[in-house]
Amino acid sequence: MPAEIIDGKQIAEEIRGKLREEIEHLRQVYGIVPGLCTVLVGDNPASVSYVTAKNRACQELGMNSFHHHLPADTSAEYLLGLIGELNATAEIHGILVQLPLPPQIDERKILEAINPMKDVDGFHPVNVGRLMIGEEVFPPCTPAGIRELILRSGTPLEGAEVVVVGRSNIVGKPIAMMLVQKRPDGNATVTICHTRTRDLGAHTRRADILIVAAGHPRAVTGEMIKPGATVIDVGVNRVGTTESGKAKLVGDVDFASACRVAGKITPVPGGVGPMTIAMLLANTVKAAKLARGLPV
Ligand code: GUN
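Parameters and conventions
- Residues numbered from 1 in each chain as written.
- Predicted model: local features only at pLDDT ≥ 70, side-chain atom pairs only at ≥ 80, totals over all residues.
- Heavy atoms only, no water.
- Buried < 20%, exposed > 50% of the residue type's maximum accessible area, 1.4 Å probe, protein only.
- Helix = DSSP H or I, 4+ residues; strand = E, 2+ residues; numbered from the N terminus.
- Pairing = 2+ DSSP bridges.
- Axes fitted to C-alpha atoms, helices over the stretch in contact; angles between N-to-C directions.
- Contact = heavy atoms within 4.5 Å.
- Near = heavy atom within 4 Å.
- Polar contact = N/O pair within 3.5 Å; in protein donor to acceptor, adjacent residues only side chain to side chain.
- Areas by Shrake-Rupley, 256 points an atom, 1.4 Å probe, with all protein chains shown as cover.

Asker: Is there a simple way to think about the pairing of strand β8 (residues 230-233) in this case?
Answerer: Successive side chains on a regular strand alternate, one facing one side of the sheet and the next facing the other. Neither face of β8 is exposed, since Thr230 and Ile232 on one face and Val231 and Asp233 on the opposite face are all buried. Direction of pairing for strand β7 (residues 209-212) relative to β8: parallel, over a ladder of four bridges. Its bridge partner lying in β8, Leu210 is registered against Val231.

As structure tokens, this is what we get:
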């Protein structure tokens with residue numbers, strides 16, 4: 001029997017529906033309009049399309065959306081000055097600097113300049129540290145979306161063998177840290193695999209839940225998957241264009257062969273991608289509530 005598809009688009013839509021109601025409530029009762037400011041440096045086509053989608057999603061939910069598009073040769077000093085201004089602007093509750101940044105800008109310095117209480121990406125070291133010790137405030141958006149997909153697919157996490165392929169700061173490391181926490185949406189046994197892992201298949205075949213964020217197509221194929229496992233494909237690889245001229249996307253998992261073995265699987269597109277934006281919106285609403293001292 002082919003794997004059940006975990007429909008990230010549908011789940012993200014449900015989450016957005018709930019957020020829309022919450023935003024309306026915040027507006028009517030407290031006069032709060034959550035606001036997100038995105039900052040894009042340069043014209044990387046993938047980054048342009050991600051940032052456009054993030055701003056559009058804010059507007060659709062009745063949030064304020066601000067955007068700064070800076071030239072590729074922007075200096076670190078200029079960007080730091082801008083972040084200082086955004087930190088001091090009350091109607092901006094969340095700041096997102098789209099990564100990667102051009103080589104003349106030190107990414108870490110920029111991320112550390114964002115006020116941690118406006119860091120809706122969850123990339124500031126303070127928020128990374130909070131996540132590590134189980135005091136999560138802003139979980140990074142893609143890992144938060146992955147966790148939500150696992151929970152809503154009905155896959156048990158308690159005691160489950162989770163294998164994460166990829167050790168990036170944006171996905172691999174934080175999702176591993178989240179799922180190992182002593183809490184009902186954690187309690188898993190987590191293994192992180194990476195480019196120096198000796199026998200990748202030996203690890204992935206043990207996984208009840210396999211999360212693949214390797215960064216290249218077909219990093220995982222059907223014979224590397226335990227029958228019945230839940231497979232979360234985080235990859236977004238542009239491989240040519242479709243007939244309508246849009247970028248053709250594939251994940252890091254070979255979908256056709258994986259489908260024949262897995263119990264549940266996320267598609268690309270329509271799996272993790274839409275969840276990332278939904279979680280960004282949720283973090284921005286949370287930031288707006290925390291800024292006003294409201295319970296979250
Ligand atoms: N680049 C790729 N993913 C992300 C993300 O989640 N946030 C930011 N700021 N940049 C990214």
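Now, onward.
Asker: I keep staring at the sheet that holds strand β4 (residues 94-97) and nothing clicks. Help me out?
Answerer: Strands in a sheet are paired, the pairing made by backbone hydrogen bonds, and the direction either parallel or antiparallel. In spatial order, the strands read β3-β2-β4; together these three strands make up an open sheet with parallel pairing. Looking at strand neighbours, the two that pair on one side only are β3 (64-70) and β4, the edges of this open sheet. Here the strands of the sheet are splayed against their neighbours by 15° on average, with no regard to which way each runs. As paired elements, strand β2 (residues 35-41) and β3 share seven bridges and run parallel to each other. Of the residues in β3, the one forming a bridge with Leu36 is Ser65. Against the sheet, helix α2 (residues 45-60) engages β2, β3 and β4, with an angle of about 160° to β3.

Asker: Looking at this model, I keep getting lost on the site of the ligand. Mind explaining?
Answerer: Surveying the vicinity of the ligand reveals the residues Leu96, Val97, Gln98, Leu99, Asp121 and Phe123. Between a nitrogen atom of the ligand and a side-chain N or O atom of Gln98, the distance comes to 3.3 Å. One nitrogen or oxygen atom from the side chain of Asp121 is found 2.6 Å from a nitrogen atom belonging to the ligand. Contact with the protein chains covers 83% of the free accessible surface of the ligand, which is 280 Å².

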